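Each chain is listed here by its residues.
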Amino acid sequence: MRKSKTLQRIREGKLARATCLGHYVPGFVFHAAHNDYDCIWLDLEHRTMSDLQVQALLTYSHTFDIDVLLRPPTREKVGLYRYLEEGAAGLLIPHVSTPEEAEELVQAVKFPPMGERGIDNAGLDADYGIHDAATYVAWANRETFLAVQIETPLAVSNADAIAAVEGVDLIFLGPGDLQLRLDQEKKMSMDEATEIVNNACKKAGKPRGCPAFTSEMLTNSRQQGAQFLVVSKESGGWRNELKQGMTTFTSQCEEQ
């Protein structure tokens with residue numbers, strides 16, 4: 001059973017480095033690991049893959065020794081922990097706005113005594129059943145992680161209580177959805193919301209994550225104390241490559 005690189009970096013007081021993937025691209029898993037990323041955020045909230053494709057990507061992640069933080073399209077209990085059985089290092093749950101929601105998630109994805117996850121001990125995560133149940137359960141509660149996304153003003157107001165829930169391992173600030181809602185309410189700025197969430201994480205001793213796709217975002221996130229940083233994404237890579245290719249072509253071929 002592999003150790004989580006994300007959790008290891010965070011426990012050592014270092015920054016965990018992540019990239020985002022939303023399509024079935026096996027080579028992406030290899031290149032992310034080869035370039036020293038700790039984690040791939042696999043987005044199934046806004047993207048669709050078959051079960052077999054997800055299983056294959058998770059298998060590749062074990063082969064190349066890189067975490068997958070999977071954002072699932074469901075909160076159904078069995079559906080959630082099956083992703084862990086199939087090899088996900090962590091789950092990122094969107095739109096968690098109350099401590100009660102966070103507690104329900106802990107119950108779904110953590111084994112007793114912390115939660116009520118059902119045991120199989122025969123999946124990829126368990127090395128297909130070669131370990132005794134006690135060893136497997138202790139490993140799973142220690143080396144898999146639950147991340148919850150703060151994406152609403154209600155979640156910000158409940159940040160202290162959400163961060164304090166035992167079994168929530170990472171608080172992830174989702175700036176897109178949160179900014180959209182803050183703009184509509186006009187009661188709080190993003191900077192104010194971020195400070196509230198940061199303070200909640202510090203009080204609870206929980207790491208915070210966020211996207212940091214630009215140099216400015218990276219600098220701000222580091223200054224604010226974030227420990228899990230999504231510093232690149234699949235779509236940005238191919239978009240920039242296509243743009244650069246056409247710029248090079250135009251400069252060398254069409255302007256002569």
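Scope of this entry: the structure provided in the associated data block. (Residues numbered from 1 in each chain as written. Predicted model: local features only at pLDDT ≥ 70, side-chain atom pairs only at ≥ 80, totals over all residues. Heavy atoms only, no water.)

**Some details on the pattern of salt bridges**
Which entries qualify depends on this criterion: Definition used for salt bridges: Asp or Glu carboxyl oxygen within 4 Å of a side-chain nitrogen of Lys or Arg. Numbering goes from the N terminus for both helices and strands, where a helix is a DSSP run of H or I of at least four residues and a strand is a run of E of at least two.
Tallied over the full model, the rule gives 15 salt bridges. K5 is the partner of D65 in a salt bridge, and the nearest nitrogen-oxygen pair spans 3.5 Å. Linking D65 in the loop between helix 3 (51–63) and strand 3 (67–71) with K5 in helix 1 (residues 5–11), this pair joins segments that are 60 residues apart in sequence. Salt-bridge contacts for R142 lead to E143; the nearest nitrogen and oxygen are separated by 3.3 Å. Several salt bridges share partner residues, and in doing so they unite R2, K5, D65 and D67 into one network.

**Overview of the sheet that holds strand 8 (residues 228–233)**
Applicable threshold: The pairing criterion is simple: DSSP has to find at least two bridges between the two strands. Axes here mean lines fitted to C-alpha atoms, for a helix over just the part in contact, with angles spanning 0 to 180 degrees between N-to-C directions. Every residue pair with non-hydrogen atoms within 4.5 Å of one another is taken to be in contact.
Spatial ordering of the closed barrel is given by 1-2-3-4-5-6-7-8, a layout of eight strands whose pairing is parallel. Recorded for the sheet is a direction-independent mean angle of 25 degrees between the axes of neighbouring strands. Strand direction decides the pairing type here: strand 1 (residues 16–21) and strand 2 (residues 39–43), joined by four bridges, are parallel. Paired with L21 across the bridge in strand 2 is L42. Strands in contact with helix 2 (residues 26–34) are strand 1 and strand 2; relative to strand 1, the strand with the most contacts, it is inclined by about 165 degrees.

**Description of the packing of aromatic side chains**
To keep things clear, this is the line we draw: Each Phe, Tyr or Trp ring, with Trp reduced to its six-membered ring, pairs with another whose centre is within 6.5 Å; inter-plane angles below 30 degrees give stacked pairs, above 60 give edge-to-face pairs, and intermediate values give tilted ones. Relative accessibility under 20% of the residue-type maximum defines a buried residue, over 50% an exposed one, and the middle range a partly exposed one, all with a 1.4 Å probe and only protein chains included.
Applying the stated rule across the entire model yields five aromatic pairs. Pairing F111 with Y136 gives two aromatic rings, centres 5.5 Å apart and planes at 65 degrees, and the pair type is edge-to-face. Note that F111 is positioned in the loop between helix 5 (99–109) and helix 6 (133–143) and Y136 in helix 6, a separation of 25 residues in sequence. Each member of the pair, F111 as well as Y136, carries the same accessibility label: buried. Between F172 and F228, the aromatic rings sit 6.3 Å apart at their centres with planes inclined by 70 degrees, giving edge-to-face as the arrangement.

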